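Fold and contact review
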2 protein chains.
Amino acid sequence: MTRIAYFGPEGTFTEQAARSLAADGDELVPFETIPLALSAVRKGETDAACVPVENSVEGVVPATLDTLAEGEPLIAFAEALLPVHFSVLTRPGTTEIRTVASHPHALAQVRLWVEANLPGARSVATSSTAAAAVAVQRGDFDAAVTAPVAVQHYPLEVRATEVADVRDARTRFLLVRRPRQPLPEPTGADRTSIVAAAANRTGALAELLTELAGRGINLTRLDARPARGNFGEYRFFIDFEGHVAEPRIGDALTALRRRCRNVRFLGSHPRADGVRATIAESAGNEDFVDAADWVAAVRRGEQA
Amino acid sequence: MTRIAYFGPEGTFTEQAARSLAADGDELVPFETIPLALSAVRKGETDAACVPVENSVEGVVPATLDTLAEGEPLIAFAEALLPVHFSVLTRPGTTEIRTVASHPHALAQVRLWVEANLPGARSVATSSTAAAAVAVQRGDFDAAVTAPVAVQHYPLEVRATEVADVRDARTRFLLVRRPRQPLPEPTGADRTSIVAAAANRTGALAELLTELAGRGINLTRLDARPARGNFGEYRFFIDFEGHVAEPRIGDALTALRRRCRNVRFLGSHPRADGVRATIAESAGNEDFVDAADWVAAVRRGEQA
């Protein structure tokens, strides 16, 4: 049995993601913040941790990126992609909804729905979507806007499901563990993540990206985050198609490591959306293998 | 007199930034959301709008970037950099603090301070730092964590100032207006911002950045944001040193425009931190002018 830390409380989207990634019999343990969930797996209190990494509307989750970039290394070995739509929960028998509670981010994503379906209702901010369910259960407010999984934890009634102003919003979650364990096998539809602290000089980032572009490797995300809360120094979080076990990706990582000692591998794992890597002409794994074989043969004096 | 829309309510950090950027006699008008504040200046209801653009701890402000990238163009003509530290306000005469209210982002940034200075106090989320002040005034909670400017709006007592767990956190704000007005003069310490929707093919971003790097232009920020809430398509928000009036920057923007029809100019204005642009050898304005003069002379048959 595996213990999986997650960014709680119970009844949030992250719990839902952790459940979708867990095997039967795994134990899910909620932690109050993202750094605490990641700290639990670093210390060996749990075997893995599930944390959100990016949302297609809100952008990246700074606490996850910053915590993965510093301290003991952790490696992402799986990901989940959850549609962001909400359920609206009330106490059983509620007839009139005058107050709607949720986390401010959730309220922002259902504002139009609330205006159209609960005209006149007042929106009240709570510290999480699950905290809104607790407050409704307690009788503080009439309705809670929550993750679909919340109804499994609180004795509330579902009044609406799949509520969301933006139809295609999704959040991506990572399952991370300590290094010195085998990586997941390459599938042809993988994602590799790194973080690099490029030298603070003109063109440093362009050079890193050109190493990837020159090998026909497609980026899937790039974020520049100030290091240590300071605008002057940046870290680059780069996700791209492919798996470090592939020759073409290994070749690219070797070049990045040479240019940039301060690079950290954050994982290679199958993509949740199953999108297969685009491989450019003369940038396939066999091309890299053939080219290396040819240089080896030239060195042996066997080819020219 | 100028009317300046800002992301309100009254008593927030954005009001404080707008005040620091406003001239005597300017009228400040709060709007409920960032899109509404930007819409007011687009429609001509106000002359300018003040909105947050990035925070050194939390990262960029998605609503600002997305709203500037779409709809009628707006141009940033000034910026402000505010240290993020909070004041703690109570009703006059309050002796015991059992509840501390604020926006969840603010609560996250003062958690250690609250634990150390108000042990046992419960943190309660409100929809903004100013809403916390209103709730404390009403008697709902004991203390509010607010922007320093809030005490000018609410009859509350200052119990602590300069409260912040991270010492050097700062937020940058933009003052934007409609185009077809003169740009601010170059000062040698300027920032230029663009947003580009690069073609969805391998190496597109590396090519754009190489155009800047090849001209010795230093990036100050880069963000990739999914367009229309979809992970598949990205927009790149790029800030760099320099002013579009300079030959070296004009040359770079010409190349970016050629590579990428879908590029939008978001402004050139003095940097709030006064940091002067680093100019690489053979990438100064006079180098660009000399080179263009030489080609013109060659074309006239006067030089070789």
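Per-chain numbering applies: the sequence of each chain, read as written, is numbered from 1 onward. Each chain takes a letter, starting from A, and each ligand takes a number, starting from 1, following the order in which they are written. Where totals are concerned, whole chains, interfaces and linings use all residues; where local detail is concerned, this predicted model gives features only for residues with pLDDT of at least 70, and gives and counts side-chain atom pairs only at 80 or more. To get the side-chain values, take all heavy atoms of the structure and skip hydrogens and water.

**Let's talk about the overall build of chain A**
Test applied: Under the DSSP-based scheme used, a helix requires at least four consecutive residues in state H or I and a strand at least two consecutive residues in state E, with every element numbered from the N terminus. Buried residues are those whose accessible area, probed at 1.4 Å on protein chains only, stays under 20% of the maximum for their type, while exposed residues exceed 50% and partly exposed ones sit between those limits. Any two residues whose heavy atoms approach within 4.5 Å are treated as being in contact. Here, Shrake-Rupley sampling with a 1.4 Å probe gives the accessible areas, and only protein chains in the shown set may cover a residue. For the purpose of counting charges, residues Lys and Arg are taken to be positive, whereas Asp and Glu are taken to be negative. His and the chain ends are not included. The atom standing in for a charge is NZ when the residue is Lys, CZ when it is Arg, CG when it is Asp and CD when it is Glu.
Helices and strands together make up the secondary structure of chain A, namely nine helices and 15 strands. A total of 304 residues make up chain A; the buried ones form 53% of that total. Contacts in chain A between residues at least 24 apart in sequence constitute 76% of all its contacts with a sequence separation of at least 6. Carbon and sulfur atoms form 50% of the exposed surface of chain A, whose accessible area is close to 13500 Å². Between the mean site of the 33 positive side-chain charges and the mean site of the 39 negative ones, chain A shows a separation of 5 Å.

**Description of the interface of chain B and chain A**
Let me state the cut-off plainly: The term buried area denotes the loss of accessible surface (1.4 Å probe radius) that occurs when two parts are joined, taken as the sum for both partners. When a carboxyl oxygen of Asp or Glu is within 4 Å of a side-chain nitrogen of Lys or Arg, the pair counts as a salt bridge. Between N or O atoms, a polar contact is any pair within 3.5 Å; within protein, one atom must be a potential hydrogen donor and the other a potential acceptor, and residues adjacent in sequence are included only when both atoms are from side chains.
Between chain B and chain A, the residue contacts involve 41 residues of the former and 41 residues of the latter. Carbon and sulfur atoms supply 58% of the area buried between chain B and chain A, which totals about 3000 Å² over both sides. There are zero salt bridges connecting chain B and chain A. Inspection of the chain B/chain A interface yields two residue pairs in polar contact (both at pLDDT 80 or more). If you list the elements that add at least two residues to the side of chain B that touches chain A, you get β3 (48-55), α3 (62-69), α4 (104-109), α7 (204-214) and β13 (219-226) of chain B. The biggest single contributor to the side of chain B that touches chain A is β13 of chain B, with eight residues.

**Brief notes about the environment of Phe237 of chain B**
All names here are of chain B. By secondary structure assignment, the location of Phe237 is in strand β14 (residues 234-241). Taking C-alpha positions, Phe237 is 4.4 Å from Val195, a pair spaced 42 residues apart along the chain. In contact with Phe237, not counting residues within four places along its chain, are Leu65, Asp66, Ala69, Ile194, Val195, Arg221, Leu222, Asp223, Arg225 and Leu266.

**With respect to the sheet that holds strand β7 (residues 99-102) of chain A**
All names here are of chain A. Worth spelling out the cut-off: Here the rule is simple: two strands pair whenever DSSP picks up at least two bridges between them. Axis definition: a line fitted to C-alpha atoms, limited for helices to the stretch in contact. Angles are taken between N-to-C directions and run from 0 to 180 degrees.
Taking strand neighbours across the sheet as the criterion, the five strands line up as β8-β7-β9-β6-β10 in an open arrangement whose pairing is mixed. Two strands in the sheet have a free side with no partner beyond their single neighbour: β8 (122-125) and β10 (157-163). When strand polarity is set aside, the average angle formed by the axes of neighbouring strands in this sheet is 25 degrees.

**Concerning the relation of the copies chain B and chain A**
Selection criterion: We place the copies in one frame by least squares, fitting the C-alpha atoms of every residue whose pLDDT is at least 70 in both.
For the pair chain B and chain A, the best superposition has an RMSD of 0.0 Å and corresponds to a rotation of 180 degrees with a translation of 0.0 Å parallel to the axis. As the rotation angle and translation indicate, the two copies are arranged about a two-fold axis.

**Remarks on the domain arrangement of chain A**
Residues and elements named next belong to chain A. Keep this limit in mind: Residue ranges labeled as domains rest on an automatic or database domain assignment. Think of it as three bins: nonpolar holds Ala, Val, Leu, Ile, Met, Phe, Trp, Tyr, Cys and Pro, charged holds Asp, Glu, Lys and Arg, and polar takes everything else, Gly as well.
Domain assignment breaks chain A into domain 1 (1-82 + 171-181), domain 2 (86-163) and domain 3 (182-304). Measuring from the centre of the C-alpha atoms in domain 1 to the corresponding centre in domain 3 gives 24 Å. Taken together, the 25 residues of domain 1 in the interface contact 22 residues of domain 3. Across the interface of domain 1 and domain 3, roughly 1800 Å² is buried in total on both sides, 53% from carbon and sulfur atoms. At the boundary of domain 1 with domain 3, the tally comes to six salt bridges. Residues Arg221 and Glu54 are paired through a salt bridge, measuring 3.8 Å at the closest nitrogen-oxygen approach. Where domain 1 packs against domain 3, one counts eleven residue pairs in polar contact (both at pLDDT 80 or more). Of all elements in the fold, only β3 (48-55), α3 (62-69), β5 (75-83) and β11 (170-177) reach the threshold of two or more residues within the side of domain 1 that touches domain 3. Among the elements that line the side of domain 1 that touches domain 3, the one with the most residues is β5, at seven residues. Within the side of domain 1 that touches domain 3, the residues separate by chemical class into 15 nonpolar, two polar and eight charged.

**Comments concerning helix α8 (residues 247-259) of chain A**
Inclusion rule: Working rule for helices: expected span equals 1.5 Å times residues minus one.
Helix length check: α8 of chain A (13 residues) gives 19 Å between terminal C-alpha atoms against 18 Å at 1.5 Å per residue, within 8%. Of the surrounding secondary structure, the elements contacted by the buried residues of α8 of chain A are β12 (190-196), α7 (204-214), β14 (234-241), β15 (263-270) and α9 (285-299) of chain A.

**Brief notes about the pattern of salt bridges**
Residues and elements named next belong to chain A. Summed over the entire model, instances satisfying the criterion amount to 50 salt bridges over all chains. Among the salt bridges present, the one from Glu54 reaches Arg172, with a minimum N-O distance of 3.0 Å. Of this pair, Glu54 sits in strand β3 while Arg172 is found in strand β11, placing the two residues 118 residues apart along the sequence. A single burial state applies to Glu54 and to Arg172, both of which are buried. Arg221 is the salt-bridge partner of Asp239, the closest N and O atoms lying 3.3 Å from each other. Separated by 18 residues along the polypeptide, Asp239 in strand β14 and Arg221 in strand β13 (residues 219-226) bring together distant segments of the chain. Of the two residues examined, Asp239 and Arg221, each falls in the buried class. Three or more residues are tied together by salt bridges with common partners; here these are Glu54, Glu79, Arg172, Arg191, Arg221, Asp223 and Asp239.

**Topic: the environment of Ala22 of chain A**
All names here are of chain A. For Ala22, the location among the structural elements is in the loop between α1 (13-21) and β2 (27-31). The spacing of Ala22 and Ala76 is 54 residues in sequence and 14 Å in space, taken between C-alpha atoms. Setting aside anything within four residues of it in sequence, one finds Ala22 in contact with Ile4 and Leu28.

**Quick word on a nonpolar patch on the surface**
Residues and elements named next belong to chain A. Applied cut-off: Like charges within 9 Å and nonpolar side chains (Val, Leu, Ile, Met, Phe, Trp, Tyr) within 5 Å are joined into patches, using only residues over 30% in relative accessible area that form no salt bridge.
A cluster of nonpolar side chains, contributed by Trp294, Val295 and Val298, occupies part of the molecular surface with about 240 Å² of accessible area. Counting through the fold element by element, Trp294 comes out in helix α9. Accessibility expressed as a relative area gives 43% for Trp294, which makes it partly exposed.

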